[in-house]
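These are the residues of each chain, in order.
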Amino acid sequence: MAEVSESWAKSIPAENVQALANETSMNPEMEIPLRYIRPDLGHHQDNINSIIDEVVPIIDMKRLLDPNLSSQESSKLHHACMEWGFFQVVNHGVDDEVIEKMKVDLEEFFKLPLKEKEVFAPLSGGLQGYGQKLVLNEEKLEWQDMMFLITQPVLARNFRFWPTSPPTFRSTLDKYSAELKSVSMSLLTAIAKNLGLKPQVLHDVFKEQQRMRMNYYPPCPKANQVLGINPHTDAGALTILLQVSDVQGLQIKRNDQWLPVQPLPHALVVNIGDALEIVTNGKYASVEHRVIVNNKKERLSIAAYHSPSFDKIIGPLPEIVQGGKEYYKTMKFEEYMEFHFLAKVEGKNHMDFMKLNN
Ligand code: OGA
Ligand code: NI
C-alpha cells in the first residue's frame, strides 16, 4: 500500500530512552524533550481511584485442565473474556526456572552499553530488533525502548536480531517461547469450548505465529507527564504478558477509567486482541490498555503476541454467526494490519475499518 510506505518514510527516528533517562538523572537541570510530554495527562499516578476495588480476574490453569474442576473454572474464563478482555493466569505450568532465567537474561541484555545493543537495531524499514517504536509526526513519543522479535514458527526466526549477550539469551528465549506457545494453545482450546466451537478451530486460525515485544521503561523524573506505551489494543488473538519487574505500570480501560493490573508473583497477564474479537464476531472484545512509568524505578515486561499468519483470512466464524448478522469484514490478516497502521496515520479507531455498517 503506497500510503503505508509513504507514512513509514515520514516516520521520525526517536532517541534511545534509556540513554536519555541516564542523561536526565545525571543532570537534573535538563528538560525532557517536549515530544514526550503530555500536558493533558493529569496526575495519572494519583488518578488511580482508591475506590476502585475491582481486580482483574484470576484464572487457575490447573483447575481449567482438571476434568473434575474445569467446568467451574471454564465459566470463570468465559466471564473474564466476555466482561473484561483481560485476566491473570496462575498455575500456568510454565517452569519457574524458565521464567526466572528469562527475566535475568532480559535484564542483563538491557544493561549492556548502548553500542552493544545497537548491533541489533532494526534494518531500514524492518520491525525486528532493538530500538524504539516507529513514530509518526504528530504522535507523542513513548518512554521506552524495546526488542521486537518473531519467535514462532521457529523457521521464521531471524537470528540477525537475536542478542548473543548474555550468552544464554537465545536458548532461554527459545524455551520461554515454546512454553508460552503451549499456554496460548491450552487457552485457545478452553476458549473454543466456551464458544461452543470444536477445540481445534481456534488453533487452526491462530496457528503458530508468535511475536515478542520486550519492553524496557526507564524511570522518568516527569513520570506523571509521560506514557510508557500509548493507549492501544493488541492486533493478534491472545497476548501473554510477563511483568518482569515488580513495578506497577500496565493499566486497562474499564468503565472509562484506567485500572492498574497489579504484578502478581508467578502469574501471566492475558488479554484478548483484535483478531479474536473479529473471529468471535465481537463476542470477546479487545480492550484498550496503556503503560505508565515510575519516577524512581525501571520496569521491564515481555508481551508475547499470538496471531494469525499474514496470509490467513480472518473474519467472523460461521459457527458463531450462525446465520445472524456479521459485524466485521473478512480479509487477509495482512490487509487488516495495514488498516491498523493507516488508522494511526488518520487518527481513527482502527476497528472502524473492520466493522461492517449494518
Ligand atoms: C504491549 C503492552 C504492557 C506492559 O507491549 O503491547 O501492552 O505492561 N505492554 O508492558
Ligand atoms: Ni499491548
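A quick note: this is a predicted structure, and the numbers were derived from the prediction, not measured. By convention here, each chain's residues receive numbers from 1 onward along its written sequence. Lettering for chains starts from A, numbering for ligands starts from 1, and both go in the order in which the items are written. Only residues with pLDDT of at least 70 are given local features in this predicted model, and only at 80 or more are side-chain atom pairs given and counted; all residues enter the totals for whole chains, interfaces and linings. With hydrogens and water set aside, each side-chain value is computed from the structure's full complement of heavy atoms.

(A) Molecular detail of empty space enclosed by the protein. Using protein atoms alone on a 1 Å grid, points that fit a 1.4 Å probe yet trap it form a cavity, whereas open point sets bounded by protein on both sides within 12 Å along at least five of seven lines form a pocket; residues with an atom within 4 Å of a point count as lining. Grid points are joined across faces, edges and corners, and a volume is the space filled by probe spheres set on the points. By the definition in use, this model includes two cavities of 30 Å³ or more. When its volume is computed, the largest cavity comes out at roughly 130 Å³. Among the secondary structure elements, those contributing two or more residues to the lining of the largest cavity are β5 (209-217), β6 (229-232), β7 (238-243), β10 (268-272), β11 (289-291) and β12 (299-307). At four residues, the largest contribution of residues to the lining of the largest cavity is made by β12. Classification convention: Asp, Glu, Lys, Arg as charged; Ala, Val, Leu, Ile, Met, Phe, Trp, Tyr, Cys, Pro as nonpolar; all other residues, Gly among them, as polar. Looking at the lining of the largest cavity, its residues break down into nine nonpolar, six polar and two charged. Size it by volume and the second largest cavity reaches roughly 70 Å³. Lining the second largest cavity are A14, E15, V17, Y36, Q132, K133, V135, L141, E142 and Q144. Among the residues forming the lining of the second largest cavity, the class breakdown is five nonpolar, two polar and three charged. Numbering of helices and strands runs from the N terminus, with a helix taken as a DSSP run of H or I at least four residues long and a strand as a DSSP run of E at least two residues long.

(B) The nonpolar core, seen in detail. Residues Y176 and L202 are the most contacted members of the largest nonpolar core, which totals 70 residues. The element contributing the most residues to this core is helix α8 (residues 169-194), with 11 residues. Among all residues touching Y176, those that are not within four sequence positions of it are V98, I99, M102, M212, L242, L268 and I302. Buried Ala, Val, Leu, Ile, Met, Phe, Trp, Tyr and Cys residues that are joined via side-chain atoms within 4.5 Å together make up what is termed a nonpolar core. Classification of residues uses two cut-offs on accessible area relative to the type maximum, computed with a 1.4 Å probe and protein chains only: under 20% is buried, over 50% is exposed, and between them is partly exposed. Residues are treated as being in contact if the distance between any of their heavy atoms lies within 4.5 Å.

(C) Spotlight on the site of ligand 1. We call a residue near a molecule or strand as soon as one heavy atom of that residue lies within 4 Å of the molecule or strand. Taken together, 14 residues lie around ligand 1, and Y217, H289, R299, S301 and Y305 are the ones closest in. Measuring from an oxygen atom of ligand 1, one finds a side-chain N or O atom of H232 at 3.2 Å. Distance and chemistry together define a polar contact, namely a pair of N or O atoms within 3.5 Å, with one atom able to donate a hydrogen and the other to accept it when in protein, and with adjacent residues in sequence counting only for side-chain atoms on both sides. Between ligand 1 and S301, the relevant distance is 2.6 Å, taken from an oxygen atom to a side-chain nitrogen or oxygen of the residue. Isolated, ligand 1 exposes 290 Å² of accessible area, and the fraction of that covered by the protein chains is 99%. More than half of a molecule's atoms within 2 Å of the grid points is what it takes for that molecule to sit in a cavity or pocket. A molecule is said to occupy a pocket when more than half its atoms come within 2 Å of that pocket's grid points, and by this definition ligand 1 occupies the largest cavity. Throughout, the Shrake-Rupley method with a 1.4 Å probe supplies accessible areas, and for residues the shown protein chains are the sole cover considered.

(D) Here's a closer look at unusual backbone geometry. Residue P153 is reached from Q152 by a cis peptide bond, and omega for that bond is 0 degrees. Mapped onto the elements of the fold, P153 is located in the loop between β4 (145-152) and α8. For the peptide bond that leads from S165 to P166, omega is 0 degrees, which places it in the cis range. Following the sequence through the fold, P166 ends up in the loop between β4 and α8. Not every positive phi belongs to a glycine, and N91 is a case in point at roughly 50 degrees.

(E) Structural detail: the side chain of N16. Mapped onto the secondary structure, N16 falls in the loop between α1 (2-10) and α2 (17-26). Once residues within four sequence positions are removed from consideration, N16 is found in contact with L114, Y130, Q132 and D145.

(F) Structural context of the environment of P57. In this fold, P57 is placed in the loop between α3 (44-47) and β1 (58-60). C-alpha separation for the pair P57 and H79, spaced 22 residues apart in sequence, amounts to 8.9 Å. Sequence-distant contacts of P57, defined by excluding residues within four places in its chain, comprise A80, W84, F86, F87 and Q88.

(G) Representation of the pattern of salt bridges in the model. For this analysis, a salt bridge means a side-chain nitrogen from Lys or Arg found within 4 Å of a carboxyl oxygen belonging to Asp or Glu. A full pass over the atoms with the stated rule returns 11 salt bridges. As a salt-bridge pair, K101 and D105 come within 2.9 Å of each other at their nearest N and O atoms. Here D105 and K101 lie together in helix α6 (residues 96-111), a separation of four residues that amounts to about one turn. By relative accessible area, which is 2% here, D105 ends up buried. Across the salt bridge formed by E142 and R213, the nearest N and O atoms sit 3.5 Å from each other. In this pair, E142 sits in the loop between β3 (129-131) and β4 while R213 sits in strand β5, placing the two residues 71 residues apart along the sequence. Across this residue pair, the class does not change: E142 and R213 are buried.

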